[in-house]
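Structural description and commentary
The lines below spell out each chain.
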Amino acid sequence: MNRRKFLSTGSAIALGALAAPAIARTGFAADTIKIGSLLDTSGLFDAYGKPMDMALRLAVDEINGAGGLVGREVEIISYDTQSDMALYTQYAQQLVRKDKVDVVQGGILSASREAIRPTLRKSKVPYFYNVQYEGGVCDRNIVIDGVTPAQQSEILMPAIINKWGKKIYILAADYNYGQITARWMQKYAQDAGGEVVAVDFFPLDVSDFGSTIAKIQSAAPDIVVSALVGGAHLSFYRQWAAAGMNAKIPMASSTIGVGNEHKVLTPEEGNGIMVAYNYSPELQSPTNLAFLEAWTAKYGDVSAIHEIAVSHYQGVKLWAQAVTNAGTPDRDKMIEAVEGGLSIDGPAGKVSIDPKTHHAILDVHLMEFKDQSLKVIESFSQRPPVDTQAVCDLQANPDDTTQYEIKI
């Protein structure tokens, strides 16, 4: 079954302090609060899943090291979904029927989220999805704290137009994330006075971009903007640099770097690419410095940390704060706490949950790749989830379960 079960010891470093006192097992109530974890810690997507798993374990160590939740220890019950969508469905059922968890944190691809979301809603097990995604999910049983396309594009598109020019060529993955993200890029490009000269979509297994590079050369844009996804698409950046195009036409992206892809590219291939994300290890805030220190103490170094690992860490902390505010892990009372002004200060800045959409209001940082690092150029505080707010109102329609595809 490839099941891994972990019981936190409560002896790790707490965020914001050099060391938290170890709390003995006997200091907790007899019954634990169970957090279910579904992540790809092996297979095609393990580069995303392994750091997310590490982040969850660090967060739970800190929670237990600070006394647990409402006097109870938090226990992690985790399954390796092995980058297999069928296993998400199987293990979600296992978590709710046999393990009887109080919450589920996990999922990476949108397909994995949609494989488990109906099961968790039907079983009344709250679900925290902590990944950058395409936006539009409207479901009172879910909380989503990853950055969305509009939160990125409203920062990225005017910045690159002001810096480099108005003619934009968009490349995107040919599934819902890439298609929806491309539309938001078009909207914010037009709002900033730009012109999108072409939009090309590519299946996830495409790895030869020679003809595409020739098309871009013919179109002669001022900027190329990428919403390409995955290992095969990573070859575009290498082929672009090998053709000498990175010295001729600048590039921005909504995806590269989320899973530390900028560390796979050489500085010559990646330098100068602009992105807009919620997190960079370069942030000098006290909360981020404490987080990096805690991660180093537990794992030895910070090289594995990436955007969605931090989102996952913040998602666990948001849930813990909601349980604390509610005084119980009970689903209905916890969700009421989510909708009652839930907020934490995380490594990426303040994260608040919009009660209308259950999506995050968060900071977005405009950044540039520099020698395999994410250098912050400018920070924009508390960006609302405008792509979901346009269509979702859970306060007015609490039984809505739709994922809306916004038309731009």
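Now for a quick tour of the structure. Every chain is numbered independently, its residues counted from 1 as its sequence is written. The predicted origin of the model limits local features to residues at a pLDDT of at least 70 and limits the giving and counting of side-chain atom pairs to 80 or more, whereas totals for whole chains, interfaces and linings rest on all residues. As a rule here, side-chain values come from all non-hydrogen atoms in the structure, and water together with hydrogens is ignored.

Moving on: the overall build of the protein chain. Within the protein chain one finds 12 helices and 15 strands. It is over C-alpha atoms that the radius of gyration is taken, and the globule rule equals 2.2 Å times the number of residues to the power 0.38. Rg of the C-alpha trace for the protein chain: 21 Å, near the compact-globule value of 22 Å for 408 residues, within the 12% margin. Principal-axis analysis of the C-alpha atoms gives the protein chain an extent of 70 × 45 × 40 Å. In the protein chain, which comprises 408 residues, the share counted as buried stands at 57%. Pairs at least 24 residues apart make up 71% of the contacts formed inside the protein chain by residues separated by at least 6 positions. Here the protein chain has roughly 15000 Å² of accessible surface; of this, 50% comes from carbon and sulfur atoms. Per the convention used, a helix needs a DSSP run of H or I reaching at least four residues, while a strand needs a run of E reaching at least two, with both numbered from the N terminus. Three labels apply to residues, based on accessible area from a 1.4 Å probe with only protein chains included: buried if under 20% of the type maximum, exposed if over 50%, partly exposed otherwise in between. Any two residues having at least one pair of non-hydrogen atoms within 4.5 Å are treated as being in contact. For the accessible areas, the method is Shrake-Rupley and the probe is 1.4 Å, while residue cover comes only from the protein chains on display.

Residues enter a nonpolar core if they are buried and are Ala, Val, Leu, Ile, Met, Phe, Trp, Tyr or Cys, with the set joined through side-chain atoms within 4.5 Å. By size, the foremost hydrophobic cluster in this structure holds 70 residues, and its most contacted members are Ile35, Val225, Phe291 and Trp319. No other element matches helix H10 (residues 307–326), which puts nine residues into this core. Look past the residues within four positions of valine 225 in its chain and what remains in contact with it is Met157, Ile160, Ile168, Tyr169, Ile170, Leu171, Met185 and Ala252. Tyr91, Ala92, Val131 and Val137 belong to the second-largest nonpolar core, a separate cluster that totals 52 residues.

Our focus in this paragraph is the packing of H10 against helix H11 (residues 331–338). It is at 8 Å that the axes of H10 and H11 come closest, and there the two elements cross at 105°. Between H10 and H11, the angle is such that the two are roughly perpendicular. Residue-level inspection shows Trp319, Ala322, Val323, Asn325 and Ala326 of H10 in contact with H11, the latter providing Lys333, Met334, Ala337 and Val338. Put simply, Ala, Val, Leu, Ile, Met, Phe, Trp, Tyr, Cys and Pro go in the nonpolar bin, Asp, Glu, Lys and Arg in the charged bin, and everything else, Gly too, in the polar bin. Among the residues forming the contact of H10 with H11, the class breakdown is seven nonpolar, one polar and one charged. Axis definition: a line fitted to C-alpha atoms, limited for helices to the stretch in contact. Angles are taken between N-to-C directions and run from 0 to 180 degrees. Here is the rule for angles: anything less than 35 degrees is roughly parallel, anything more than 145 is roughly antiparallel, 65 through 115 is roughly perpendicular, and the remaining ranges are oblique.

What follows covers the packing of aromatic side chains. Stacked, tilted and edge-to-face pairs are distinguished by plane angle, under 30 degrees for stacked and over 60 for edge-to-face with tilted covering the rest, among Phe, Tyr and Trp rings (Trp via its six-membered ring) whose centres lie within 6.5 Å. Tallied over the entire structure, the rule returns 13 aromatic pairs. For the ring pair tyrosine 127 and tyrosine 129, a centre distance of 6.2 Å and an interplane angle of 50° mean the geometry is tilted. By relative accessible area, tyrosine 129 is classed as buried at 0%. In textbook terms, an aromatic cluster arises when at least three aromatic residues are bridged by ring pairs, as seen for Phe202, Phe209, Phe236, Tyr237 and Trp240. The criterion for a charge sitting over a ring is simple: Lys NZ or Arg CZ within 6 Å of the ring centre, and within 35 degrees of the ring normal. Taking NZ or CZ as reference, lysine 187 lies 5.2 Å from the ring centre of tyrosine 188, over its face.

One way to say it: the disulfide is the covalent bond shared by the sulfur atoms of two cysteines. By definition, disulfides here are pairs of cysteine sulfur atoms that lie within 2.5 Å. Using the criterion set out here, one finds one disulfide in the structure. Here cysteine 138 engages in a disulfide with cysteine 392; their sulfurs sit 2.1 Å apart. A torsion of 75° about the S-S bond marks the disulfide between cysteine 138 and cysteine 392 as right-handed. On the criterion of sequence distance, the pair formed by cysteine 138 in the loop between strand E5 (127–129) and strand E6 (142–144) and cysteine 392 in the segment after helix H12 (386–389) is long-range, its members being 254 residues apart. Accessibility expressed as a relative area gives 0% for cysteine 138, which makes it buried. For cysteine 392, a relative accessible area of 1% translates into the label buried.

For the rest of this paragraph, the subject is the pairing of strand E2 (residues 33–39). In terms of burial, E2 is largely enclosed, as six of its seven residues are buried. Relative to strand E3 (residues 74–80), E2 runs parallel, the two being bridged by seven bridges. Bridging from a neighbouring strand, isoleucine 33 pairs with valine 74 of E3. Whether a crossover is right-handed depends on one test, that the path from the first strand over the helix to the second runs clockwise when the strands point away from the viewer. Read from E2 through helix H1 (residues 46–65) to E3, the crossover connection turns out right-handed. Strands are treated as partners if at least two bridges between them are detected by DSSP.

Bringing the pattern of salt bridges into the picture now. By salt bridge we mean one thing: a side-chain nitrogen of Lys or Arg within 4 Å of a carboxyl oxygen of Asp or Glu. Using the criterion set out here, one finds 17 salt bridges in the structure. Residue arginine 383 pairs with glutamate 154 through a salt bridge whose shortest N-O separation is 3.1 Å. Placement of the pair is arginine 383 in strand E15 (residues 373–383) and glutamate 154 in helix H4 (residues 149–164), with a sequence separation of 229 residues. Assessed through its relative accessible area of 23%, arginine 383 is described here as partly exposed. Among the salt bridges present, the one from aspartate 332 reaches arginine 331, with a minimum N-O distance of 2.9 Å. Residue aspartate 332 is classed as partly exposed on the basis of its relative accessible area, which comes to 41%. For arginine 331, a relative accessible area of 17% corresponds to the buried category. Through salt bridges that share partners, Arg113, Glu114, Arg117, Arg121, Glu134 and Asp139 make up one connected network.

All right, on to the environment of glutamate 336 then. Mapped onto the elements of the fold, glutamate 336 is located in helix H11. You can call glutamate 336 exposed: its relative accessible area is 51%. Note: C-alpha distance between glutamate 336 and alanine 322 (14 residues apart in sequence) is 8.5 Å.

Taking 1.5 Å of rise per residue, the 16 residues of H4 would be expected to cover 22 Å, and the 21 Å separating its terminal C-alpha atoms lies within 8% of that figure. Burial analysis of H4 places 12 of its 16 residues in the buried class, which makes it a mostly covered element. If you check which residues of H4 are buried, you get Pro149, Ala150, Gln151, Gln152, Ser153, Glu154, Ile155, Leu156, Met157, Ala159, Ile160 and Ile161. Take the number of residues in a helix, subtract one, and multiply by 1.5 Å to get its expected span.

So, about the environment of alanine 242. Take alanine 242: it is sitting in helix H7 (residues 230–242). Look at alanine 242 and you get exposed, because its relative accessible area is 72%. Taking the C-alpha atoms as reference points, alanine 242 and aspartate 330, separated by 88 residues in sequence, lie 55 Å from one another.

Further remarks concern H11. Among the residues of H11, Arg331, Met334, Ile335, Ala337 and Val338 are the ones counted as buried. Each buried residue of H11 lies within a common arc of 155° when the element is viewed along its axis, so the set occupies one face. Buried residues belonging to H11 abut E5, E6, H10 and strand E13 (349–353). One side-chain oxygen of the residue at the start of H11 lies 3.3 Å from the amide nitrogen of aspartate 332, identifying that residue as aspartate 330. Directions from the helix axis toward the C-beta atoms define the arc. For the purposes of these results, a polar contact is taken to be a pair of N or O atoms within 3.5 Å, where, inside protein, one atom must be able to donate a hydrogen and its partner to accept one; residues adjacent in sequence count only when each atom of the pair is a side-chain atom.

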